Amino acid sequence: MTKHAYIPRTTNYTLNPGDELNDLRMSDQVRPLYDHVRKFIRDTVEPMSIEFAKAGEGKQDRWSFTPKQLEVLEVAKNKAKKEGLWNFFLPDDETGQGLKNLDYAYIASELGKSPLASETMNCSAPDTGNMEVLERVGTKEQKEKWLKPLMNGEIRSAYVMTEPNVASSDAKNISTTAKLVGDEWVINGEKYYISGVGDPRCKILIVMVKTNPDAAPSKQQSQILVPRDTPGVEVLGPMYVFGQDHAPRGHMHMRFNNVRVPKENILLGEGRGFEISQLRLGPGRIHHCMRTIGKAEKALDLMVQRGLTREAFGKKIAHLGGNMQIIAQARCEIEAMRLMVLKAAKAMDVLGNKEARVWVSMVKAMVPERACKIIDQSIQMHGATGISHWTPLAEMYQDVRHLRFADGPDEVHWMVVGRHELSMA
């Protein structure tokens, strides 16, 4: 039998102790900010969240906030702003904290543990991604009109891409059209699962459209700013996620009926929609992943607490069956996810968003899937209470499960990683 020598491939994943990508420590100068965020969530956000929920009880219109809710939220936001806990997400920028992606990743993990933490500190999706787009590619006029109030936390925004009639996981399939007629773009098409449009504070939309069907496939798409109150912008109703409409923010089904906006509302230029998407989605995916790890951590905390405070068949639940191993494996999974996301964030800092795409795809595919499993196991250990409104677990599961479609389905990200691996053969 002929023996063949094994020749290892040269890949960029080889463990190198001197590689900058393997230094995943938070910078010393950001540590006080991180500690401040944790304290603020504990002392201000959590108590405010309880008051916010009570203030919304019994309201007549599901698609609104009560004046008391907005008042409670604004008090917390103003306190955060006064304490310098505001706009963390913009890396290396004068308009935000100027954090590295790696540093923000640590903070985002803490934000994910409390539903209102991100909004209280003006770090909520989809506003973060939309603000980053406007900051990077917006004109002076676009920044003054839309970025400034977003950065001040005065309005909300939405990103309008997904369509019901095409496989829009491949963005080249986007069919909503924008045609230049004189000095105006005329937009027609249908979109769905557009998060945040139900929020009465949503004032601006970034809409992915097809502007030139005759161009190269990657140059046919553009992104255009559309004020929410523009004539022809029609909200057909909410899309449900596991039977929930997530009012008042919601995920809306929309139609654009001859919507006219000025020519200058285009972002960056015609045919540069894909370029903007890569700018926007890389950091956004990292933020989602770190917040998701925060949710998994919270689910494990609840699992342990439940396991040690309930008894069945003469034992603590934590000691029944395979529950001890389930708890141990959840801890291992969280630590593995955390290290992977930190490395993806570091790759963005060192290599840039484009070159770090494979790292981002790894965590975007891996983290929601594994976090879903941990939340599901926590639900199981809670028994029927786990699927009730008495714990946050059911809502957490819905949120994390939907992330396996948001910013692209798992399969697309696995394809990116696999294609990259094969390219090094």
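Remember, predicted model here, so these are calculated numbers, not experimental data. The residue numbering used here restarts from 1 in each chain and proceeds along that chain's sequence as written. The predicted origin of the model limits local features to residues at a pLDDT of at least 70 and limits the giving and counting of side-chain atom pairs to 80 or more, whereas totals for whole chains, interfaces and linings rest on all residues. Excluded from the side-chain calculation are hydrogens and water; included are all heavy atoms of the structure.

**Q** Which residues make up the overall build of the protein chain, and what are the values?
**A** What the protein chain contains, in helices and strands, is eleven helices and nine strands. Structurally, the protein chain occupies a C-alpha span of about 75 × 75 × 45 Å along its principal axes. Working definition: with a 1.4 Å probe on protein chains only, accessible area under 20% of the residue-type maximum means buried, over 50% means exposed, and in between means partly exposed. A total of 425 residues make up the protein chain; the buried ones form 52% of that total. Charged-residue counts in this description rest on Lys and Arg as positive and Asp and Glu as negative, His and the chain ends being excluded. Each charge is placed at NZ for Lys, CZ for Arg, CG for Asp and CD for Glu. In the protein chain, 57 side chains carry a positive charge and 53 a negative one; their mean positions are 3 Å apart. Put simply, DSSP H or I for four residues or longer makes a helix, DSSP E for two residues or longer makes a strand, and each gets a number counted from the N terminus.

**Q** Requested: an account of the side chain of Thr-211, with residues and values cited.
**A** Assignment of secondary structure puts Thr-211 in the loop between β4 (202-210) and β5 (221-227). A relative accessible area of 12% places Thr-211 in the buried class. Pairing of N or O atoms within 3.5 Å defines a polar contact, subject to two protein rules: one partner must be a possible hydrogen donor and the other a possible acceptor, and residues neighboring in sequence count only if both atoms are side-chain atoms. Only 2.7 Å separates the side chain of Thr-211 from the side chain of Ser-222, close enough to count as a polar contact. Contact between two residues is taken to exist if any of their heavy atoms lie within 4.5 Å; hydrogens are not considered. In contact with Thr-211, other than residues within four places in its own chain, are Ala-178, Trp-185, Gln-220, Gln-221, Ser-222, Glu-270 and Gly-271.

**Q** Quick rundown of the packing of helix α9 (residues 357-382) against helix α10 (residues 393-402)? Include the residues and the values.
**A** The angle between two axes is taken between their N-to-C directions and runs from 0 to 180 degrees, where each axis is a line fitted to C-alpha atoms and a helix contributes only its stretch in contact. In contact at an axis separation of 9 Å, α9 and α10 are set at 160° when each is read in the N-to-C sense. When the axis of α9 is compared with that of α10, the two are roughly antiparallel. The crossing of α9 and α10 is left-handed. Taking contact as the criterion, the partners of Pro-368, Ala-371, Cys-372, Ile-375, Asp-376, Ser-378, Ile-379 and His-382 in α9 are, on α10, Leu-393, Met-396, Tyr-397, Val-400 and Arg-401. We call two directions roughly parallel when the angle between them is under 35 degrees, roughly antiparallel when it is over 145, roughly perpendicular when it lies between 65 and 115, and oblique otherwise. When the near helix sits turned anticlockwise from the far one by under a right angle, the crossing is termed left-handed; a clockwise turn instead gives a right-handed crossing.

**Q** Please provide a residue-by-residue account of helix α1 (residues 31-55), values included.
**A** Between the first and last C-alpha of α1 there are 34 Å, a value that for 25 residues agrees with the 36 Å anticipated at 1.5 Å per step. Helix geometry: α1 is bent most strongly at Ile-41, by close to 40°. For α1, the set of buried residues is Leu-33, Tyr-34, Val-37, Phe-40, Ile-41, Thr-44, Val-45, Met-48, Ser-49, Phe-52 and Ala-55. Those residues of α1 that are buried lie in contact with α2 (67-82), α3 (101-111) and α4 (117-120). Here the expected length of a helix is defined as 1.5 Å per residue gap, with one fewer gap than residues. To obtain the bend at a residue, axes are fitted to the seven residues ending there and to the seven starting there, and the angle between these axes is taken.

**Q** Run through the UniProt feature "domain: Acyl-CoA oxidase/dehydrogenase middle" (unreviewed entry) in the protein chain, naming residues and quoting values.
**A** UniProt positions are given in the numbering used here, feature names are shortened, and annotations may be inferred rather than shown by experiment. Summarizing the sequence annotation, UniProt attributes the feature "domain: Acyl-CoA oxidase/dehydrogenase middle" (unreviewed entry) to residues 158-258 in the numbering used throughout. The span residues 158-258 is 0% helix and 50% strand, and its two end C-alpha atoms sit 19 Å from each other.

**Q** Go over empty space enclosed by the protein with me, naming the residues and quoting the values.
**A** The way it works is a 1 Å grid over only the protein atoms, where trapped points that fit a 1.4 Å probe form a cavity and open points with protein on both sides within 12 Å along at least five of seven lines form a pocket, and then any residue with an atom within 4 Å of a point lines it. Grid points are joined across faces, edges and corners, and a volume is the space filled by probe spheres set on the points. All told, the structure shown has two cavities of 30 Å³ or more when counted by the stated rule. One number sums up the size of the largest cavity: a volume of about 60 Å³. Lining the largest cavity, in full, are Lys-77, Glu-119, Asn-122, Ser-124, Asp-127, Gly-153, Ile-155, Arg-156 and Arg-201. Gly falls in the polar group here, along with every residue not listed as nonpolar (Ala, Val, Leu, Ile, Met, Phe, Trp, Tyr, Cys, Pro) or charged (Asp, Glu, Lys, Arg). Partitioned by chemical class, the residues of the lining of the largest cavity number one nonpolar, three polar and five charged.

**Q** Outline the pairing of strand β2 (residues 177-181), supporting the account with residue identities and numerical values.
**A** Paired strands, as defined in this entry, are two strands with at least two bridges between them according to DSSP. Relative to strand β3 (residues 184-195), β2 runs antiparallel, the two sharing five bridges. Residue Leu-180 lies in a different strand from β3, and its bridge partner there is Trp-185. Hairpin geometry of β2 and β3 is characterised by an intervening segment of two residues between the two adjacent antiparallel strands and by a positive phi of about 65° at Gly-182.

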